[in-house]
Amino acid sequence: MKAIVSNKYGSPDVLELNEVEKPIPEDNQVLVKVHAASVNFGNLVLLRGKPFVARFAFGLLKPKYSIPGGDIAGRVEAVGKNVKQFRPDDEVFGDLSRSGWGGFAEYVAVPENALALKPANMSFEEAAAVPMASVTALQGLRDKGKIQSGQKVLINGASGGVGTFAVQIAKSFGAEVTGVCSTRNLEIVRSIGADHAIDYTKEDFTKKTQRYDLILGANGSHPISAYKGALSPNGVFVHVGGSGAQLFQTMTLGPWISMTGRKKMGSLLQRANQKDLLYVKELLEAGKVKPVIDRRYKLSEVPEAFKYFEAGHAQGKVVITM
């Protein structure tokens, strides 16, 4: 089968399209013929080996997982003898980031708990855009942010992969949502349900008088002192993406701020799990959430897809088609 292979850390140019052996599913695994995949920040970490601390999970000197790719959607070709949830010809989608990655390939063998049945109202490309980014948004808002109906919620980086899902998921919880993005993305952010949209090239939300009960930082480089000032007295800030300096401040200063006052500030490390994927699937099938796809690339064009994604201007998700 064909697969994108990375045998060393580096730029997207180290990625190669090679012929590799087709996997054979183990007793508890599902063999999926991949129809589509998508690019996420985790893929970029796996490619470059940065930040360096990630290498303790991904391989110190070279990638432990030679085929990148986390999000997939496809059709079940075979199942191991112990698999209970799926059977051949089922259409599925899932996040492989806790299952050895391997999504940028024509086939992949994964544990059944990494997958869910694909929403019936979605194409494979749409479904592949969903898992990692949507679950990150869900866990940031619901689990870390403790979102409640009626709250004023701000999504910084509202037009990116995580941000577009965060806007819609926050609305599904009954929040009043403000999205922060660039000028060219204002229409997209409004179209997915944001009550208010702020153009960060013209306004700095941290310098306005409005205060927010929950801020999800999916992008940006504000110091956390600025985020703290934009929070209501009992507000919560959750970092899920943005500059390295912002992440460092959140991890080092956030716990101190949280312990010494009523405002809470912390970061989220997304954990793929089937239960949350099934929760998102219900939102998708109910029409409350829909993926935003910016560009589509062929498997042979994955290096170009990474270069575009790394530039940081993608509107929603970048999808790989097989």
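Here the structure is a predicted model, which is why all the values come from computation and not from measurement.

Caption draft 1: Here's a closer look at the overall build of the protein. If you tally the helices and strands in the protein, you get ten helices and 15 strands. Against the compact-globule benchmark of 20 Å for 322 residues, the protein has a radius of gyration of 19 Å, which places it among compact chains. Seen through its principal axes, the protein has C-alpha atoms that stretch 60 × 45 × 35 Å. Across the 322 residues of the protein, 55% fall into the buried class. A sequence separation of at least 24 residues applies to 68% of the contacts in the protein between residues at least 6 apart.

Caption draft 2: Empty space enclosed by the protein, seen in detail. Per the stated rule, a full pass over the model turns up one cavity of 30 Å³ or more. The space that makes up the largest cavity amounts to roughly 40 Å³. Partitioning the lining of the largest cavity into residue classes produces six nonpolar, three polar and no charged.

Caption draft 3: Structural view of the sheet that holds strand S8 (residues 152-156). Sheet architecture is open: six strands sit in the order S10-S9-S8-S11-S12-S13, paired in parallel fashion. Each end of this open sheet is capped by a strand with a single partner; those strands are strand S10 (196-199) and strand S13 (264-267). When the angles between neighbouring strand axes are averaged without regard to direction, this sheet yields 15 degrees. Relative to the sheet, helix H5 (residues 161-172) contacts S8, strand S9 (176-181) and strand S11 (212-217), its axis offset from that of S8 by approximately 170 degrees. Across the sheet, helix H8 (residues 244-260) lies against strand S12 (231-239) and S13, angled at about 145 degrees from S13, the strand it touches most.

Caption draft 4: Structural context of the pairing of strand S6 (residues 107-111). Taking burial as the measure, the five residues of S6 include four buried ones, the bulk of the element. Direction of pairing for strand S3 (residues 29-38) relative to S6: antiparallel, over a ladder of five bridges. Paired with Val32 across the two strands is Val108, which belongs to S6.

Caption draft 5: Broad picture of the layout of surface pockets. Its boundaries defined by the atoms lining it, the second largest pocket holds a volume of some 160 Å³. Considering the residues around the second largest pocket, the lining is formed by Asp95, Arg98, Ser99, Pro111, Asn113, Ala114, Val135, Gln270, Ala272, Asn273, Gln274 and Leu277. A class-by-class count of the residues in the lining of the second largest pocket yields five nonpolar, five polar and two charged.

Caption draft 6: Molecular detail of the nonpolar core. Phe93, Leu141, Val153, Ile155 and Ile169 are the most contacted members of the largest nonpolar core, which totals 48 residues. Sequence-distant contacts of Leu141, defined by excluding residues within four places in its chain, comprise Lys146, Ile147, Val153, Ile155, Ala166, Ile169, Ala170, Leu214 and Leu216. In terms of nonpolar packing, the next biggest core, distinct from the first, is built from 31 residues, Val83, Val92, Phe104 and Phe309 among them.

Caption draft 7: Structural detail: the pattern of salt bridges. Across all of its chains, the model carries 13 salt bridges by this definition. Its salt-bridge partner being Lys317, residue Asp71 comes within 3.6 Å of it at the nearest N-O pair. Taken together, the positions of Asp71 in strand S4 (residues 71-79) and Lys317 in strand S15 (residues 317-321) put the pair 246 residues apart, joining distant regions of the chain. Note on accessibility: Asp71 and Lys317 belong to one class, buried. Between Lys171 and Asp195 there is a salt bridge, with the nearest N and O atoms lying 3.0 Å from each other.

Caption draft 8: A look at the packing of aromatic side chains. All chains considered together, the criterion is met by four aromatic pairs. Note on Phe104 and Phe306: the rings are 6.0 Å apart at their centroids and 90 degrees apart in plane angle, and the pair reads as edge-to-face. Residue Phe104 is found in the loop between strand S5 (91-95) and S6, and its partner Phe306 is found in helix H10 (residues 302-310); the two are separated by 202 residues along the sequence. We classify Phe306 as buried; its relative accessible area is 0%. When the ring of Phe173 is compared with that of Tyr279, the centres are 6.5 Å apart and the planes differ by 15 degrees; the resulting orientation is stacked. Residue Phe173 is found in the loop between H5 and S9, and its partner Tyr279 is found in helix H9 (residues 274-285); the two are separated by 106 residues along the sequence. Since its relative accessible area comes to 28%, Tyr279 is described here as partly exposed. Following the ring pairs from residue to residue traces out a cluster consisting of Phe205, Tyr227 and Phe237.

Caption draft 9: Main features of the environment of Gly266. Residue placement: Gly266 occurs in strand S13. A sequence separation of 122 residues divides Gly266 from Lys144, and the C-alpha atoms of the two residues are 8.0 Å apart.

Calculation criteria
- Residues numbered from 1 in each chain as written.
- Predicted model: local features only at pLDDT ≥ 70, side-chain atom pairs only at ≥ 80, totals over all residues.
- Heavy atoms only, no water.
- Helix = DSSP H or I, 4+ residues; strand = E, 2+ residues; numbered from the N terminus.
- Rg over C-alpha atoms; globule rule 2.2 N^0.38 Å.
- Buried < 20%, exposed > 50% of the residue type's maximum accessible area, 1.4 Å probe, protein only.
- Contact = heavy atoms within 4.5 Å.
- 1 Å grid on protein atoms, 1.4 Å probe; cavity = no way out; pocket = protein on both sides within 12 Å on 5 of 7 lines; lining within 4 Å.
- Points joined across faces, edges and corners; volume = space filled by probe spheres on them.
- Nonpolar A, V, L, I, M, F, W, Y, C, P; charged D, E, K, R; others polar.
- Pairing = 2+ DSSP bridges.
- Axes fitted to C-alpha atoms, helices over the stretch in contact; angles between N-to-C directions.
- Core = buried A, V, L, I, M, F, W, Y, C linked by side-chain atoms within 4.5 Å.
- Salt bridge = Lys/Arg side-chain N within 4 Å of Asp/Glu carboxyl O.
- Phe/Tyr/Trp six-rings, centres within 6.5 Å; stacked < 30°, edge-to-face > 60°.

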